[in-house]
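Chain and residue survey
Here is how the chains run, residue by residue.
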Amino acid sequence: MALEGHTGAEEAAAITRTAAEHAPEYLAPIAGRTRRMVLVEDLALPEGGPEVFDAACSWVELATTSRRSSPASRARRTSSAGVCAAGHKAMYSDTWGGLPSKAFLARLDPKLADLRGRLYDRAHAADRPAGRLCAEWAAALGLREGIAIAMGEFDAHYGAVGAGARTGTLVKIIGTSTCDCAVVPVSGAIQNVPGICGIVNGSILPGYYGIEAGQSAVGDLLKWWVERVCEGDESAARGTDGRASRLKPGSRAWWRLTGQR
């Protein structure tokens, strides 16, 4: 079963507290605080949706579902998890042997600890295929059997690849959220940076640490600005866009969002 969505500040805070006390290494690459995570969603389910949680064999990140979709590929061990989603949303790192330990998950909820053995063991960068297209789906899609299925990554991270991400270049993806992406070679030392959402080996380009930061509520912020500050007046909102467009990169002129016109 697959679940994709945004849930709970309370669950995120509980994971942060537990990790800070028992496994602070889990928090180091994410600036000391959990944010958008599949673990947050999982933790909300044993109590919030117990019938769903209990009926599920496993949980699959949306970016991993293509490898599991045919009947021949439904066994857990044939699934290829991408390190992008695993690292940025599930506290996965080769540094501590993959996903968080069963003992740590048990401190959050015993059901999460039981689930640990039904998840993936290893996660991979995008320099290897997730698998090959089976005959069933090849026929359904009109494609050739056996072609490579790309490893799943987040849209922003693959977008950074398409935009030419390289050392010294920041790629900014703007949409429902805004995601700032950069890469640093794994051959060099890298410090954990306050405010960074995640530092994951191979999450953007293989052989590089993928560094992600940003704001996950940009769409909501813009909606609030138009509906509350501009009182639904789109022309007023467009006027603000025009004034903002004249600001130079790096300038210290900031718009203050006060809720007043």
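Read on for a plain summary of the structure. (Residues numbered from 1 in each chain as written. Predicted model: local features only at pLDDT ≥ 70, side-chain atom pairs only at ≥ 80, totals over all residues. Heavy atoms only, no water.)

Another aspect to go through is the overall build of the protein. Along the protein, the regular secondary structure elements total 10 helices and 8 strands. Contacts in the protein between residues far apart in sequence, at least 24 positions, make up 57% of those at least 6 positions apart. Surface summary for the protein: the accessible area is close to 14700 Å², and the carbon and sulfur share equals 54%. (Helix = DSSP H or I, 4+ residues; strand = E, 2+ residues; numbered from the N terminus. Contact = heavy atoms within 4.5 Å. Areas by Shrake-Rupley, 256 points an atom, 1.4 Å probe, with all protein chains shown as cover.)

With that settled, consider the environment of Thr18. Residue position: Thr18 is located in helix α1 (residues 9-22). A residue is classified by how much of its surface remains accessible, and Thr18, at 14% relative accessible area, is buried. Remark: the alpha-carbon pair of Thr18 and Leu108, spanning 90 residues in sequence, is separated by 7.4 Å. Setting aside anything within four residues of it in sequence, one finds Thr18 in contact with Ala23, Phe104, Arg107 and Leu108. (Buried < 20%, exposed > 50% of the residue type's maximum accessible area, 1.4 Å probe, protein only.)

Our focus in this paragraph is the nonpolar core. Core analysis: the biggest nonpolar cluster contains 27 residues, and Met91, Tyr92, Phe104, Tyr120 and Ala123 have the highest contact counts within it. For this core, the secondary structure elements donating two or more residues are α1, α4 (83-89), α5 (102-108) and α6 (110-116). Among the nonpolar cores identified, the runner-up in size contains 9 residues, and Ala156, Ala165, Cys181 and Val183 belong to it. (Core = buried A, V, L, I, M, F, W, Y, C linked by side-chain atoms within 4.5 Å.)

Relative to the 20 Å expected for 14 residues at 1.5 Å per residue, α1 spans 20 Å between its end C-alpha atoms, a close match to the ideal helical length. All of the buried residues along α1 are Glu11, Ala12, Ala14, Ile15, Thr16, Thr18 and Ala19. (Expected span 1.5 Å × (residues − 1).)

These figures capture arrangement, not role.
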